[in-house]
Amino acid sequence: MAGHNKWSQIKHRKGAADAKRGKLFTRIAKEIIISAREGGGDINSNSRLRTAVQLARGANMPKDNIEKAIKRGTGEIDGSTYEEITYEGYGHNGVAIIVECTTDNKNRTVADIRHVFSKHGGNLAENGAVSWNFDEKGAIEIKAEGLEEDEFMLQALDLGADDVEKSEDIFIVYTALADFYKIVTAFEENGFTIEKAELTRMPKNTINADDVAEKLLKMLDKLEDLDDVQKVYANFEISDEVMNNLS
């Protein structure tokens, strides 16, 4: 499994994944604002916005918050002007790290990120230094309950998916970046209930981080805690034994 997925599972078992509901809502709202700004406020014609709104509903974000975020994006009401920026760097054992941000103040954002890297044993790098080692993919999560695995996988592939994996009670459907929103729509039209749909980055190769797991995960958590950070990716592997000790 990819490093960022294992990291996500660790945090989930520790009860830390998206524990701060307010921060989660802020991140989703930023995605809605940018989606509406770039593609308009109609979820029927704006696939990115529809996916962001779906994510918001899955997180039980209040309807009023969703509507306000859309209106901020379309300019109907005033709000901050956000832009998307990506930073790259290295962590312990040379682990490659990508940090995706949405910010209204680039100077503040880069200063915060540089501070975390420096304080926790990593370092920022030039754009392109590590991104070559990640493939951009779509990831669609669908509850496995009531679905026959082989049949579902065949249907997912017929709808254009690149790959499917099962993680506990969830099917994760991976798509090419260009096909993501089209395949999300295809699953909806075929009656599947989508739990989560998002763009992600999958490492092409990974680095074992058993000996630095605690330090590395602490740095990644600190990066994720920054207000301007939307997502963090890293290309590490941690053994099940070490993962269990961290749980």
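Note that this is a predicted model, so its numbers are computed, not measured. (Residues numbered from 1 in each chain as written. Predicted model: local features only at pLDDT ≥ 70, side-chain atom pairs only at ≥ 80, totals over all residues. Heavy atoms only, no water.)

*Asks:* I tried to follow the overall build of the protein on my own but got confused; where do I start?
*Replies:* For the protein, the helix and strand inventory stands at nine helices and 10 strands. For a compact globule of 247 residues, the expected C-alpha radius of gyration is about 18 Å, and the protein comes in at 18 Å, within 12% of that figure. If you line up the protein on its principal axes, its C-alpha atoms span 50 × 45 × 30 Å. Split into buried and exposed, the 247 residues of the protein put 45% on the buried side. A sequence separation of at least 24 residues applies to 71% of the contacts in the protein between residues at least 6 apart. (Helix = DSSP H or I, 4+ residues; strand = E, 2+ residues; numbered from the N terminus. Rg over C-alpha atoms; globule rule 2.2 N^0.38 Å. Buried < 20%, exposed > 50% of the residue type's maximum accessible area, 1.4 Å probe, protein only. Contact = heavy atoms within 4.5 Å.)

*Asks:* What exactly am I supposed to notice about helix H5 (residues 106–119) here?
*Replies:* For an α-helix the count is 3.6 residues per turn, leaving residues at separations of three or four pointing the same way. With 14 residues, H5 should reach 20 Å at 1.5 Å per residue; the first-to-last C-alpha distance of 20 Å fits that figure. Listed as buried for H5 are Thr109, Val110, Ile113, Val116 and Phe117. Each buried residue of H5 sits inside an arc of 130° when the element is viewed along its axis, so together they form one side. Residues of H5 that are exposed and angled more than 90 degrees away from the buried face: Asn107, Ser118 and Lys119. Elements that come into contact with the buried residues of H5 comprise strand S1 (83–90), strand S2 (96–103), strand S3 (123–125) and helix H8 (213–225). Its side-chain oxygen placed 3.2 Å from the backbone nitrogen of Asn107, Asn105 serves as the N-cap of H5. (Expected span 1.5 Å × (residues − 1). Arc of directions from axis to C-beta. Polar contact = N/O pair within 3.5 Å; in protein donor to acceptor, adjacent residues only side chain to side chain.)

*Asks:* Just checking my understanding: could you explain the sheet that holds strand S5 (residues 163–167) for this structure?
*Replies:* Hydrogen bonds between backbone atoms are what pair the strands of a sheet, whose relative direction is either parallel or antiparallel. Taken in spatial order, the four strands of this open sheet run S5-S6-S4-S7, and their pairing is antiparallel. Each of the sheet's edge strands pairs with one partner strand only, and the pair in question is S5 and strand S7 (194–203). Across the sheet, the mean angle separating the axes of adjacent strands is 25° when strand polarity is ignored. Summarising the sheet, strand S4 (residues 134–143) and S7 pair through nine bridges and their orientation is antiparallel. Considered in S7, the bridge of Ala139 is made with Glu198. Sheet contacts for helix H6 (residues 149–158): S4, S5 and strand S6 (170–176); angle to S5, the most-contacted strand, approximately 145°. (Pairing = 2+ DSSP bridges. Axes fitted to C-alpha atoms, helices over the stretch in contact; angles between N-to-C directions.)

*Asks:* For this particular structure, what's the right way to read the environment of Ile142?
*Replies:* Along the polypeptide, Ile142 turns up in strand S4. Expressed as a C-alpha distance, the spacing of Ile142 and Ile170, which sit 28 residues apart in the sequence, is 5.7 Å. Once residues lying within four places of it in the same chain are set aside, the contact partners of Ile142 are Leu147, Phe152, Asp169, Ile170, Phe171, Phe187, Phe192, Thr193 and Ile194.

*Asks:* Help me understand the pattern of salt bridges in this model?
*Replies:* A side chain with one charge can pair with a side chain of the opposite charge if their charged atoms come near. Evaluated as defined, the whole model comprises 15 salt bridges. The partner of Lys30 in a salt bridge is Asp228, with the nearest N and O atoms 3.7 Å apart. Pair noted here: Lys30 is in helix H2 (residues 21–39) and Asp228 is in the loop between H8 and strand S9 (229–234), with a separation of 198 residues, a long-range link. In this structure, Lys30 and Asp228 share a single accessibility class: buried. (Salt bridge = Lys/Arg side-chain N within 4 Å of Asp/Glu carboxyl O.)

*Asks:* What is the right way to look at helix H7 (residues 180–189) in this model?
*Replies:* Residues Phe180, Ile183, Val184, Thr185, Ala186 and Phe187 constitute the buried set of H7. Contacts from the buried residues of H7 go to helix H3 (47–58), S4, H6, S6 and S7. Taken from the residues just after H7, Gly191 is the one with a positive phi, measuring 85°.

*Asks:* Even after reading the chapter, I still don't get the confidence of the model for the protein, so can you show me in this structure?
*Replies:* Regions with low pLDDT carry predicted coordinates that are not meant to be interpreted in detail. Residue-level pLDDT values for the protein average 89, and 91% of them are 70 or greater. Ranking the elements of the protein by mean pLDDT puts helix H1 (residues 3–13) last, at 44, and H5 first, at 97. Counted against residues more than four places away or in other chains, residues 1–18, with its pLDDT under 50, gives 47 contacts. (pLDDT = per-residue confidence, 0-100.)

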